[in-house]
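Here is what each chain is made of, one letter per residue.
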Amino acid sequence: MTTLTVAGLDAGYRDFQALFGVSLDLAEGETVALIGANGAGKSTLLMTIAGALRPWRGRITLDGLDIAGLPDHHRARLGIAIVPEGRRLFPSLTAEENILVPTTGRGGPWSLDALYDLFPMVAARRSHRAGLLSGGEQQAVAIARALAANPRVLLMDEVSLGLAPAVVDGFYRLLPRIQQSGVCILLVEQDIDRALAASDRALCLLEGRVVMAGDSAGLDRDRLISAYFGAPSAPRSSATKTGPAPVPPDKPVPPGKPVPPGKRVPPARPVPPADPEVPR
Ligand SMILES: Nc1ncnc2c1ncn2[C@@H]1O[C@H](COP(=O)(O)OP(=O)(O)O)[C@@H](O)[C@H]1O
Ligand SMILES: [Mg+2]
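As a starting point, this report considers the structure included with it. Within every chain, residues take consecutive numbers counted from 1 along the sequence as written. Written order decides the labels, with chains lettered from A and ligands numbered from 1. Totals for whole chains, interfaces and linings use every residue, but because this is a predicted model, local features are given only for residues with pLDDT of at least 70 and side-chain atom pairs only at 80 or more, for both listing and counting.

Looking at the pairing of strand β4 (residues 57-62)
Regular strands place side chains that alternate from one sheet face to the opposite one.
Okay, step 1: As paired elements, strand β1 (residues 2-13) and β4 share 5 bridges and run antiparallel to each other. From the neighbouring strand, Val-6 faces β4, where its bridge partner is Ile-60.
Okay, step 2: The pairing criterion is simple: DSSP has to find at least two bridges between the two strands. Think of it this way: any DSSP run of H or I at least four residues long counts as a helix, any run of E at least two long counts as a strand, and we number them from the N terminus. As paired strands, β4 and strand β5 (residues 65-66) are joined by 2 bridges and run antiparallel to one another. Paired with Leu-62 across the strands is Leu-65, a residue of β5.
Okay, step 3: Turn length for the β4-β5 hairpin, with the two strands adjacent in sequence and antiparallel, is 2 residues, and the turn residue Asp-63 shows positive phi of about 50°.

Topic: the sheet that holds strand β8 (residues 184-188)
Okay, step 1: Read from one edge to the other, the open sheet built from 6 strands follows the order β6-β7-β8-β3-β9-β10, with strand pairing classed as mixed. Two strands close off the open sheet at either side, each with one partner strand: β6 (80-83) and β10 (209-215). Strand-to-strand twist in this sheet, taken as the mean axis angle between neighbours without regard to direction, amounts to 15°.
Okay, step 2: Each residue is represented by a C-beta atom placed from its backbone, and any two residues with such atoms within 7 Å are regarded as in contact. The convention used is that axes are lines fitted to C-alpha atoms, helices contributing only their stretch in contact, and that angles between N-to-C directions extend from 0 to 180 degrees. Each of β6 and β7 (153-157) is contacted by helix α6 (residues 135-148), which is oriented at about 175° to β6, the strand it contacts most.

Dropping the structure here:
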């Protein structure tokens, strides 16, 4: 059964259009990976679904109810939760206070005890100020905060960003427990192989448009990488079939090239230091 449907979505910032006719659906319990270069519009799509941005055109329905015109807190009460890029915790509140911030009144499996069972590292730091936690601990608090709302739809925006690979491995080992709770997940992840391994289906966004979609297990990885870069389909090569998973770099802007007005420029992405801590 379809839980979330996005149809013909246009969205952007003032007069800058970032999304063009984006459509997708999420079935109950399904995880869909959203792949795309820096600036492709992934965060814009998640924020528009969550209600932080109003769509310019198009429909967003949750369980058949049109929610496109509803404010974010109303959407949260209906079961949409976001783990935003950069976590956005309240640094002076404790870990537990951050987790208890969303007061959606929704019941479900994610009690505080269940969240502490999922993230023992957060339980151990529950009374510590969020601003003093490590990057990995802060990310765990951000995920716990979203789950505390007992969402129907969980939007996860680059939870791996800036964390050490071992910390990221820890999160991905926990993901099946979150998936088994029945929530559907829209997962933004820069690492294509990780994204495909963790999802049922995948979508590739290029400059605000869906340019490829399919079952994660059956997607042609070469075509996906070409779609990611906006390049014509690359010939199949055994190296890319069997070699290590590439994490495509952000699309480069040619140095010194003038940028015409209105032309999109991928924002420079700061790379925070890797966090050495591993979830326990
Ligand atoms: N607050 C903003 N104001 C204006 N343009 C923005 C803003 N946030 C993002 N953009 C632009 O929208 C486009 C999509 O950005 P974003 O959704 O953040 O991409 P992604 O998450 O895929 O990296 C980019 O061209 C970006 O520069
Ligand atoms: Mg983003």
